Amino acid sequence: MSTLSKQVKAVSAADFDVERIREDFPVLKQNIHGKPLVYLDSAATAQKPFAVIDAIRRFHEVDCANIHRGVHELSQRSTAAYEETRAKAKRFLNARSKDQLIFVRGTTEGINLVSNSWGRPNVKAGDEIIISAMEHHSNIVPWQLLCAEKDARLRVIPMNERGELLMEEYEKLLNPRTRMVAVTHVSNALGTINPVKQIVDMAHAAGAVTLIDGAQAAPHITVDLQELDADFYTFSGHKVVGPTGIGILYGRKSLLNAMPPYQGGGDMIKVVTFEKTTYADLPYKFEAGTPNIAGGIGLGAALDYIGRLGIEAIAAYEHALLEYGTEALSRIPGLRLIGTAREKASVLSFVMEGIHPHDIGTLLDRQGIAVRTGHHCAQPVMDFFNVPATTRASLAFYNTFGEIDALVAGLHKVKEVFA
Ligand SMILES: Cc1ncc(COP(=O)(O)O)c(C=O)c1O
């Protein structure tokens, strides 16, 4: 370990009481194949603290009722708890108003809602939609479906070998036919933090609408929607230590008001007759049917939990972990990091000479170390780097420097097996 990383480690460990934080995460206290679990797959889903587990349990034990339409006490309580999450999400994202925050199943549904409800009325033949070379499939396929339906064209901002977007190429792609620029804030496969403010400003100057996929940003870095000024922003609850099946889509009010509903059903209407239906005001116009009430309440507890730790403190600690991990992995002979952008968050993706990522993942699992192997739902990224798959260790604030040491030791063992 270099003197610098020793200092980084010492300062961060002193500032951030990770051992105490780990006490909040019951799942971390177990052995896998006889070894302490080292969970390095938080980009896929984050583990849940007692605060979230207890909030969901309490809802089912004490408050369980459907929301919005009930006058009875339980319904009032569950409605209040569910709606309180919207207020918490407003603070978390620094959104202007909670009416702009729509509960969705997750990032995937957030993007599909926009590609359908905004895309169908606004995109026509010959229009263009810009995404980037490092998108998750959930920010590629919905736009491809829209382009196929409308005879529109999908354009892609290229990246360099470090995994950074080529902004001068982006500038060239923008033109009067550009209707939408949809880009990830942080890449799940590479860890790159994209210059989203600049991307949004350039798109707006060209008259295009913007969507930012915040799935990998919300858990790790500050998101300030008033500053960013994106038209749409979406993230998944399960990656911010909340439950699965719940997420948030933020939208600009004027756009949301002009968009037709995504789905029809209960709760999204004002008046229904067989001749004509009028729709509820925002955000309910986009929330048909009984939602994931428990999930919404769990997400509120997750945002409270993150808020207590402080997203800046989380970002600083994870950055120190990432730097330590980058340096440690770089010293392993035959290991190549995939994604070496200057601005990165929480992802260590790599390949090892002569060893398939699935074998690495399986052998690490035998040592209690959970990493993800495969294309990470970003096949074009794998194609760009000319690899079939990578091994991805992804970090969260409950990981320790010791766990990175365990990963390094585990990888040396993998190498021995294949020597
Ligand atoms: C960058 C990015 N976008 C979108 C998604 C999709 O999120 P979800 O599956 O929660 O809808 C993910 C999930 O891994 C992601 O990492």
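Computed from a predicted model, the values in this text were never measured in an experiment. (Residues numbered from 1 in each chain as written. Predicted model: local features only at pLDDT ≥ 70, side-chain atom pairs only at ≥ 80, totals over all residues. Heavy atoms only, no water.)

Draft legend 1. Here's a closer look at the overall build of the protein. On a plain count of helices and strands, the protein comes out with 15 helices and 17 strands. For 419 residues, the compact-globule estimate of 2.2 N^0.38 gives 22 Å, and the protein sits close to it at 22 Å. The C-alpha extent of the protein, read off along each of the three principal axes, is 75 × 55 × 35 Å. Taking all 419 residues of the protein together, 56% fall into the buried category. Of all intrachain contacts in the protein linking residues separated by at least 6 positions in sequence, the fraction that spans at least 24 positions is 71%. Roughly 17500 Å² of accessible area belongs to the protein as shown, and the carbon and sulfur atoms make up 53% of that amount. Positive and negative charge centroids in the protein, built from 44 and 47 side chains respectively, lie 2 Å apart. (Helix = DSSP H or I, 4+ residues; strand = E, 2+ residues; numbered from the N terminus. Rg over C-alpha atoms; globule rule 2.2 N^0.38 Å. Buried < 20%, exposed > 50% of the residue type's maximum accessible area, 1.4 Å probe, protein only. Contact = heavy atoms within 4.5 Å. Areas by Shrake-Rupley, 256 points an atom, 1.4 Å probe, with all protein chains shown as cover. Lys, Arg positive; Asp, Glu negative; His and termini not counted. Charge placed at Lys NZ, Arg CZ, Asp CG, Glu CD.)

Draft legend 2. Just the pairing of strand E11 (residues 269-272), in detail. Sheet topology places E11 next to strand E12 (residues 277-279); three bridges connect them, and they run antiparallel. Paired with valine 272 across the strands is threonine 277, a residue of E12. Turn length for the E11-E12 hairpin, with the two strands adjacent in sequence and antiparallel, is four residues. (Pairing = 2+ DSSP bridges.)

Draft legend 3. Fine view of helix H12 (residues 311-330). Look at H12: 28 Å from first C-alpha to last across 20 residues, which is about the 28 Å you get at 1.5 Å a residue. If you check which residues of H12 are buried, you get Ile311, Ile314, Tyr317, Glu318, Ala320, Leu321, Leu322, Tyr324, Gly325, Ala328 and Leu329. (Expected span 1.5 Å × (residues − 1).)

Spatial relationships are all this shows, so hold off on functional conclusions.
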